2 protein chains.
Amino acid sequence: MNKKELLVELQRFLSPERIQKFDAVLAHRTRHFTVAVENLFQSHNASAVMRNCDCFGIQDLHVIANHNQYELSKDVAMGAEKWVDMHSYYEKENNTQDCIDKIKSQGFQMVATTPHTNDVFLPDFDVTKRSAFFFGTERDGLSDIVLDQADAFVRIPMYGFTESYNISVSAALVLHDVVTRLKKSNVNWRLSEEEVLDKKVDWAVKSIRSGEQILKQLLDS
Amino acid sequence: MNKKELLVELQRFLSPERIQKFDAVLAHRTRHFTVAVENLFQSHNASAVMRNCDCFGIQDLHVIANHNQYELSKDVAMGAEKWVDMHSYYEKENNTQDCIDKIKSQGFQMVATTPHTNDVFLPDFDVTKRSAFFFGTERDGLSDIVLDQADAFVRIPMYGFTESYNISVSAALVLHDVVTRLKKSNVNWRLSEEEVLDKKVDWAVKSIRSGEQILKQLLDS
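Residues numbered from 1 in each chain as written. Chains lettered and ligands numbered in written order. Predicted model: local features only at pLDDT ≥ 70, side-chain atom pairs only at ≥ 80, totals over all residues.

*Asks:* Mind showing me how you'd approach the overall build of chain A here?
*Replies:* Tallying secondary structure elements over chain A gives 10 helices and 7 strands in all. Taking 2.2 N^0.38 as the reference for a compact globule, 221 residues should give roughly 17 Å; the C-alpha atoms of chain A span a radius of gyration of 18 Å, in line with that estimate. Seen through its principal axes, chain A has C-alpha atoms that stretch 60 × 40 × 30 Å. Across the 221 residues of chain A, 39% fall into the buried class. (Helix = DSSP H or I, 4+ residues; strand = E, 2+ residues; numbered from the N terminus. Rg over C-alpha atoms; globule rule 2.2 N^0.38 Å. Buried ≥ 20, exposed ≤ 12 C-beta atoms within 10 Å, placed from the backbone.)

*Asks:* Looking at this structure, I do not really get the interface of chain B and chain A. What am I missing?
*Replies:* Counting residues at the interface gives 25 residues for chain B, matched by 25 residues for chain A. Every element with two or more residues in the side of chain B that touches chain A is listed here: helix H3 (43-56) and helix H7 (167-184) of chain B. Ranked by the residues each element gives to the side of chain B that touches chain A, the list is headed by H3(B), at 6 residues. (Contact = placed C-beta atoms within 7 Å.)

*Asks:* How should the environment of His28(B) be read in this particular structure?
*Replies:* By the element assignment, His28(B) lies in the loop between helix H2 (16-26) and strand E1 (33-38). Overall, His28(B) belongs to the partly exposed group, with 19 C-beta atoms counted inside 10 Å. As for His28(B) and Arg190(B), which are separated by 162 residues in sequence, their C-alpha atoms are 7.0 Å apart. Among all residues touching His28(B), those that are not within four sequence positions of it are Tyr159(A) and Gly57(B).

*Asks:* Looking at this structure, how should I read the pairing of strand E2 (residues 60-64) of chain B?
*Replies:* Residue and element names in this part refer to chain B. E2 sits mainly inside the fold: 5 of its 5 residues count as buried. Alternating residues of E2 divide into Asp60, His62 and Ile64 and Leu61 and Val63, and every residue in both groups is buried. Sheet topology note: the E2/strand E3 (residues 85-89) ladder contains 5 bridges and is parallel. Residue pairing for E3: isoleucine 64 is matched across the bridge by tyrosine 89. (Pairing = 2+ DSSP bridges.)

*Asks:* Is there a simple way to explain the pairing of strand E7 (residues 152-155) of chain A in this structure?
*Replies:* Consecutive residues of a regular strand have side chains that alternate between opposite faces of the sheet. All names here are of chain A. Sheet topology note: the strand E4 (residues 109-113)/E7 ladder contains 3 bridges and is parallel. The partner of valine 111 across the bridge, within E7, is alanine 152. Of the strand pairs in this sheet, strand E5 (residues 120-121) and E7 are connected by 2 bridges, and their pairing is parallel. Within E7, the residue paired with phenylalanine 121 across the bridge is arginine 155.

*Asks:* What exactly am I supposed to notice about the sheet that holds E3(B) here?
*Replies:* Hydrogen bonds between backbone groups are what pair the strands of a sheet, and the pairing can be parallel or antiparallel. Residue and element names in this part refer to chain B. Strand order in the open sheet formed by 7 strands is E3-E2-E1-E6-E4-E7-E5, with parallel pairing between adjacent strands. Two strands bound the open sheet, and with one partner strand each, they are E3 and strand E5 (120-121). Relative to strand E6 (residues 131-135), E1 runs parallel, the two being bridged by 5 bridges. Note that in E6 the partner of alanine 36 across the bridge is phenylalanine 134. Most of the contacts of helix H5 (residues 95-105) go to E2, to which it runs at about 155°, and overall it touches E1, E2, E3, strand E4 (109-113) and E6. With respect to the sheet, H7 is in contact with E1, E4, E6 and strand E7 (152-155), its orientation differing from that of E6 by roughly 160°. (Axes fitted to C-alpha atoms, helices over the stretch in contact; angles between N-to-C directions.)

*Asks:* Is there a simple way to think about the nonpolar core in this case?
*Replies:* Nonpolar side chains in soluble globular proteins generally cluster together in the buried interior. Formed by 108 residues in total, the largest nonpolar core has its most connected members in Val49(A), Phe134(A), Val49(B) and Phe134(B). Residues contacting Val49(A), with those up to four places away along its chain left out, are Val35(A), Val37(A), Leu61(A), Phe135(A), Ile167(A), Ser168(A) and Ala171(A). (Core = buried A, V, L, I, M, F, W, Y, C linked by C-beta atoms within 7 Å.)

*Asks:* I keep staring at the relation of the copies chain B and chain A and nothing clicks. Help me out?
*Replies:* A rotation about an axis combined with a shift along that same axis relates the two copies of the chain. With an RMSD of 0.0 Å, the fit of chain B onto chain A corresponds to turning through 180° and sliding 0.0 Å along the axis. Seen this way, the second copy is the image of the first under a two-fold rotation axis. Minimal C-alpha distance to the rotation axis in chain B is attained by Val169(B), lying at 2.6 Å. (Least-squares fit on C-alpha atoms with pLDDT ≥ 70 in both.)

*Asks:* Help me understand the packing of helix H9 (residues 193-207) of chain A against helix H10 (residues 211-220) of chain A in this model?
*Replies:* In helix packing, the relevant descriptors are the interaxial angle and the interaxial distance, both defined with respect to the helix axes. Residues and elements named next belong to chain A. H10 packs onto H9 with a crossing angle of 125° between their chain directions and a minimal axis gap of 7 Å. Here H9 is positioned oblique relative to H10, judged by the angle of their axes. Residues Val205, Lys206 and Ser207 of H9 touch H10, and the partners they reach there are Gly211, Glu212 and Leu215. Residue composition of the contact of H9 with H10, by class: 2 nonpolar, 2 polar and 2 charged. (Parallel < 35°, antiparallel > 145°, perpendicular 65-115°, else oblique. Nonpolar A, V, L, I, M, F, W, Y, C, P; charged D, E, K, R; others polar.)

*Asks:* Which parts of the structure should I look at to understand the domain arrangement of chain A?
*Replies:* For interface size, the figure often reported is the accessible area lost on association. Segmentation of chain A into domains returns domain 1 (1-27 + 193-221) and domain 2 (30-189). With centres defined by C-alpha atoms, the gap from domain 1 of chain A to domain 2 of chain A works out at 29 Å. (Domains from an automatic or database assignment.)

*Asks:* Explain helix H8 (residues 193-207) of chain B to me, please; I cannot follow it from the model alone.
*Replies:* Residue pairs three or four apart in sequence face the same way in an α-helix, which turns once every 3.6 residues. Residues and elements named next belong to chain B. Given a rise of 1.5 Å per residue, 15 residues ought to cover 21 Å, and the 21 Å separating the end C-alpha atoms of H8 matches this to within 8%. Residues of H8 that are buried include every one of Lys200, Trp203 and Ala204, and no others. Down the axis of H8, the buried set is contained in an arc of 105°. They therefore lie on one face. Exposed side chains of H8 directed beyond 90 degrees from the buried face belong to Glu194 and Lys206. On its buried side, H8 packs onto helix H1 (3-11) and H2. (Expected span 1.5 Å × (residues − 1). Arc of directions from axis to C-beta.)

*Asks:* It is not clear to me how unusual backbone geometry should be interpreted in this structure. Could you clarify?
*Replies:* Negative phi characterises most residues that are not glycine, and trans characterises most peptide bonds. Non-glycine residue Ser210(A) carries a positive phi angle of around 55°. By the secondary structure assignment, Ser210(A) is in the loop between H9 and H10.

*Asks:* Is there a simple way to think about the sheet that holds E5(A) in this case?
*Replies:* Residue and element names in this part refer to chain A. Strand order in the open sheet formed by 7 strands is E3-E2-E1-E6-E4-E7-E5, and the pairing between neighbours is parallel. Edge strands, defined here as strands with exactly one partner in the open sheet, are strand E3 (85-89) and E5. The strands touched by helix H8 (residues 167-184) within the sheet are strand E1 (33-38), E4, strand E6 (131-135) and E7, with E6 carrying the most contacts at an inclination of about 160°.

*Asks:* Where do I start with the confidence of the model for chain A in this structure?
*Replies:* Atomic detail in the predicted coordinates should be set aside for any region of low pLDDT. When pLDDT is averaged across chain A, the result is 90; 94% of the residues are at 70 or more. In the predicted assembly, ipTM is 0.86 and pTM is 0.89. (pLDDT = per-residue confidence, 0-100.)

*Asks:* Any chance you could explain the environment of Ala152(B) here in plain terms?
*Replies:* Residues and elements named next belong to chain B. Turning to its location among the elements, alanine 152 is positioned in strand E7. Overall, alanine 152 belongs to the partly exposed group, with 18 C-beta atoms counted inside 10 Å. Separated by 105 residues in sequence, alanine 152 and serine 47 have C-alpha atoms that sit 25 Å apart. Every residue in contact with alanine 152, bar those within four places of it in the chain, is listed here: Gln109, Val111 and Val120.

Following this line, the structure appears as structure tokens:
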């Protein structure tokens, strides 16, 4: 059974509304941008960023946990963990480098969101390049490992006494700006047909009761 | 002693950097927009909104608490409570109406941020009118009391499965968009000289150790 046939079989378990919703959401999904969060101590922050990724159509979120393994706050993520692909880095000695290597090997430029001497204000950031946006903790910011290897620095305007935004706020502001401009550009930012098919199968399995079991039966049949 | 003389006396207790910071922040402060939050159960959400107000130069935040009195999360507000004027509504039978009456009497149009049939997408919202942006809980949204009396509805684009943003994310997205566009407009959005002077005195008193006591001595002298 090829993947298209598999999807047809799986879709028999889904309502027409559900199938339509997958189409609608996938029409906005992108891998032109991705997001990486580093060493967030409070897991509700990472979960809130994950929810932002879903809202803005970012398919992949990279979570670096050098100190504490990341645990999802389900009430904050609001189910986004099903629809956003989370890539975790917590097993190596230098998980940040591990994440950077993977992201660079996939052809992304690394963008650090932090006040820095060479930074660009958000509205002036060039959205045509494939970019991975890195966010650090509010307290410590991003590590030197990220800052030393970043290709670009983006700064969000701030006009008050408070020197930083909450991380999920930073991520939302960046994503809203770059995604809105990306969609007005000529960039081919959408998922490929193959990627769309993969996500449809994945999401169908996650949406169906005993989905994994049914998938196995279909693959074995 | 008039207010200008009072400020000169108070500034003797402040560093030049502090005095300069007040000027820099006040150059971005506005009462062209204001924010109201309704019935937030988690006070860290209201504190995060307060911090957003500070970051985007919004001088006044209205906090409606019909069920539970609002307590500030100091670690989330990050000191913003000193610099943003918080107006609380929690003593009346209908605190929401109390807040609406006050805001309307000050000449603001009421803008509900919620999905609704007559809403405008955020980038199309007219920033030239003085506006109060109302935000409700993630769970229940805004009350009918707000929705029935709102002059306009604004919707933030969303492309995923998750049906809502966290409230501080919503507030940040709205404020970032409208404040950025306001500053490019011809609207006279800044505080008046009188308002600037008032805030300088207020902030000086809050910044000086035993500020209240020193203020009393100066006023009595």
